[in-house]
Amino acid sequence: MAIQLPDDFKCPISLEIMSDPVILSSGHTFDRASIQRWLDSGHRTCPVSKLPLPEPPTLIPNHALRSLISNYTLVSLPKPQPCPSNPQNLIQTLVSSSSPLDAKLSSLDQLSRMSKRDSGIRRRLTESGAVSAVLYCVNSREPGLQEKALHLLLNLSLDDDNKVGLVAEGVIGKVVSALRCGAGDSRAVAATVLTSLAVVEVNKVTIGSYPDAIPGLLALLLSGNSRERKEAATALFTLCSFPDNRVRAVQNNAVPILIQNANSGLERAVEVLGLLAKCRVAREEIMRFDRFLDILIDVLKNGSSRGVQYALLTLSSLCSYSEKTCFEVLKFGVFEICVSLLEDDNEKVRRNAKTLIQVLQGRKRNA
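Values in this document were obtained by computation on a predicted structure and should not be read as measured data. The residue numbers shown here count from 1 along each chain, following its written sequence. Per-residue local features of the predicted model are confined to residues with pLDDT of at least 70, and side-chain atom pairs are confined, for both listing and counting, to 80 or more; whole-chain, interface and lining totals are unaffected and use all residues. Only hydrogens and water are set aside; all other atoms, that is, all heavy atoms of the structure, feed into the side-chain values.

Bringing the packing of aromatic side chains into the picture now. Two aromatic rings, drawn from Phe, Tyr or Trp (for Trp, its six-membered ring), form a pair once their centres lie within 6.5 Å of each other, and the interplanar angle then sorts them: stacked below 30 degrees, edge-to-face above 60, tilted otherwise. Overall, the coordinates contain one aromatic pair when judged by the stated rule. Where phenylalanine 237 meets tyrosine 310, the ring centres are 5.5 Å apart and the plane angle is 85 degrees; that geometry is what we call edge-to-face. Taken together, the residues span a long stretch of sequence, with phenylalanine 237 in helix α13 (residues 226–239) and tyrosine 310 in helix α19 (residues 305–321) at a distance of 73 residues. The burial state of phenylalanine 237 is the same as that of tyrosine 310; both residues are buried. Going along the chain from the N terminus, every DSSP run of H or I of four or more residues is numbered as a helix, and every run of E of two or more is numbered as a strand. The cut-offs for exposure are 20% and 50% of the maximum accessible area for each residue type, with area from a 1.4 Å probe on protein chains only; residues under the lower value are buried, those over the upper are exposed, and the others partly exposed.

Following this line, the structure appears as structure tokens:
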């Protein structure tokens with residue numbers, strides 16, 4: 001049976017599920033290949049809003065949406081039921097102490113199937129008291145029940161209108177508890193829920209200020225499996241677009257954990273370092289590590305386009321701050337690498353390479 005994903009996962013141009021979602025300056029999200037074809041055809045307006053775009057147009061990776069789509073493809077749908085149950089009855093099953101475990105698991109499966117397909121159902125579920133019932137299950141010590149409840153919570157968080165309301169209902173504390181102590185896939189899904197909630201700006205502030213949220217993500221990044229570390233880094237990336245959260249991350253020992261992960265090949269860690277490097281305390285911390293330049297330069301040479309973008313961004317921030325780092329970068333041949341990247345197919349790579357070249361040239365002139 002084919003997995004049915006929310007319409008929000010489809011590109012407005014191709015109407016296909018997005019594999020590399022990017023955001024235009026108009027605020028609308030498209031699959032990179034589709035919007036790039038639109039731009040290459042000479043268009044300089046948003047296909048949806050028709051608003052004019054800046055020159056050159058900027059494509060910003062939508063990591064949160066990409067992670068959500070990826071997460072959904074890992075979850076197979078349960079077998080279709082001959083007759084859909086009443087959501088209220090399913091919710092009652094979740095909170096009833098007399099309900100057997102199998103009945104609760106079945107109720108969560110049915111609610112997840114309903115909420116994946118229909119934003120109207122997601123809205124009705126949140127308005128009908130489903131959130132408290134789902135949180136009751138998230139708090140369960142039964143791993144299967146907790147994991148399914150987190151998947152349902154992820155569904156409910158898909159709509160922006162629900163995100164702030166979910167936080168107001170106390171979701172963060174339960175999700176962070178699962179992030180730290182969950183079993184099976186619960187920790188990875190909990191990190192994805194935080195990513196989804198943090199798409200809304202006000203939630204970045206609320207989640208970041210929650211005492212165990214950023215420390216919990218960093219603990220997962222330090223000791224989790226491959227999927228858990230990737231989801232934790234994605235959540236940190238989303239949260240650290242808010243400046244105060246960068247300071248919180250550094251205060252919780254983020255830099256050595258991120259450098260360790262970057263050194264082990266997790267490019268998403270390099271992206272988080274690129275955001276942290278905008279913060280003075282983070283720059284000072286990064287430069288205390290002997291191998292940080294080796295890691296960033298290796299990403300420049302061998303990384304994906306997105307990894308290269310953020311390695312360039314990190315180096316630009318560090319070189320603008322430190323003359324010593326700038327000279328070391330020049331010694332490693334980064335200037336020549338940047339010149340070659342000016343011909344890259346990715347516009348963001350070209351722009352970041354140009355910025356780093358300007359920083360390095362400025363340092364040369366002042367030397």
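So that's the structure; there's more coming.
Here we come to helix α10 (residues 186–197). The terminal C-alpha atoms of α10, which comprises twelve residues, lie 16 Å apart, in line with the 16 Å expected from a rise of 1.5 Å per residue. Buried residues dominate α10, accounting for twelve of its twelve residues. Of all the positions in α10, only Ser186, Arg187, Ala188, Val189, Ala190, Ala191, Thr192, Val193, Leu194, Thr195, Ser196 and Leu197 are classed as buried. To estimate how far a helix should reach, multiply one less than its number of residues by 1.5 Å.

So, about the confidence of the model for the protein. Of the residues in the protein, 94% have a pLDDT of 70 or more, and the chain-wide mean is 87. On a scale of 0 to 100, pLDDT captures the predictor's confidence in every residue. The lowest-confidence element of the protein is helix α2 (residues 63–73), averaging 76 in pLDDT; the highest-confidence one is helix α12 (residues 213–223), averaging 96. Considering only residues more than four positions removed or in separate chains, one finds that residues 76–84, a stretch of pLDDT under 50, has 14 contacts. Whether two residues touch is decided by their heavy atoms; if any such pair falls within 4.5 Å, the residues are in contact.

Fitted lines through C-alpha atoms serve as axes, helices being fitted only where they are in contact, and the angles separating the N-to-C directions of these axes extend from 0 to 180 degrees. Two elements in contact, helix α15 (residues 254–263) and helix α16 (residues 267–276), have axes whose closest approach is 8 Å; the angle formed by their N-to-C orientations is 145 degrees. Regarding α15 and α16, the two cross each other, and that crossing is left-handed. On the side of α15, the interface is formed by Ala254, Val255, Leu258, Ile259, Asn261 and Ala262, while α16 contributes Ala269, Val270, Val272, Leu273 and Leu276. When the near helix sits turned anticlockwise from the far one by under a right angle, the crossing is termed left-handed; a clockwise turn instead gives a right-handed crossing.

What follows concerns unusual backbone geometry. Cis geometry is adopted by the peptide bond preceding proline 56, which originates at glutamate 55 and carries an omega value of 0 degrees. Within the element layout of this structure, proline 56 appears in the loop between α1 (32–40) and β3 (60–61). Even without a glycine there, the phi angle at lysine 50 is positive, about 65 degrees. With respect to the helices, strands and loops of the structure, lysine 50 is situated in the loop between α1 and β3.

One can find valine 334 in helix α21 (residues 334–341). Sequence-wise, valine 334 and leucine 312 are 22 residues apart; in three dimensions their C-alpha atoms are separated by 9.6 Å. Ignoring anything within four residues of it in the chain, the contact list for valine 334 reads Ile297, Leu300, Leu315, Val329 and Leu356.

Side-chain atoms within 4.5 Å are what join buried Ala, Val, Leu, Ile, Met, Phe, Trp, Tyr and Cys residues into a set we call a nonpolar core. The biggest cluster of nonpolar side chains holds 117 residues, and the ones touching the most others in it are Leu153, Leu217, Leu221, Leu276 and Leu312. Leaving out residues up to four positions away in the same chain, leucine 276 has contacts with Cys240, Arg246, Ala249, Val250, Ala254, Val255, Leu258 and Ala282.

With that out of the way, let us pick up the pattern of salt bridges. When the charged atoms of two side chains with opposite charge come close together, those side chains can pair. Salt bridge, as used here, is a side-chain nitrogen of Lys or Arg placed within 4 Å of a carboxyl oxygen of Asp or Glu. Within this structure, the stated rule accounts for 14 salt bridges. A salt bridge links aspartate 159 to arginine 122, with the shortest nitrogen-to-oxygen separation between them at 2.8 Å. One end of the pair, aspartate 159, is in the loop between α7 (143–156) and α8 (160–168); the other, arginine 122, is in helix α5 (residues 119–127), and 37 residues separate them in sequence. Comparing aspartate 159 with arginine 122, the two get one shared label, buried.

By the element assignment, alanine 33 lies in helix α1. Given the relative accessible area of 40%, alanine 33 is considered partly exposed. Along the sequence, alanine 33 and aspartate 20 sit 13 residues apart, while their C-alpha atoms lie 7.8 Å from each other.

If you walk across this open sheet you meet the three strands as β2-β1-β3, and the pairing is antiparallel. The strands lining the two open edges of the sheet, one partner per strand, are β2 (29–31) and β3. When DSSP locates at least two bridges between a pair of strands, those strands are taken to pair. Of the strand pairs in this sheet, strand β1 (residues 21–23) and β3 are connected by two bridges, and their pairing is antiparallel. Among the inter-strand pairings, isoleucine 23 is bridged to a residue of β3, identified as isoleucine 60. Packed on one face of the sheet, α1 meets β1, β2 and β3 and runs near 95 degrees to β2.

This part is about the side chain of threonine 192. Assignment of secondary structure puts threonine 192 in helix α10. Relative accessible area serves as the criterion here: at 0%, threonine 192 is assigned to the buried category.

This next bit is on the packing of α8 against helix α11 (residues 201–209). Where α8 meets α11, the axes come as close as 10 Å, and the angle between the chain directions of the two elements is 25 degrees. The angle between α8 and α11 places the two elements in the roughly parallel class. Viewed along their axes, α8 and α11 form a crossing whose handedness is left-handed. The segment α8 lies against α11, with Lys163, Val164 and Val167 engaging Val202, Asn203 and Thr206. Here the nonpolar group is Ala, Val, Leu, Ile, Met, Phe, Trp, Tyr, Cys and Pro; Asp, Glu, Lys and Arg are the charged ones; every other residue, Gly included, is treated as polar. Partitioned by chemical class, the residues of the contact of α8 with α11 number three nonpolar, two polar and one charged. When an angle is under 35 degrees it counts as roughly parallel; over 145 it counts as roughly antiparallel; between 65 and 115 it counts as roughly perpendicular; any other value is oblique.

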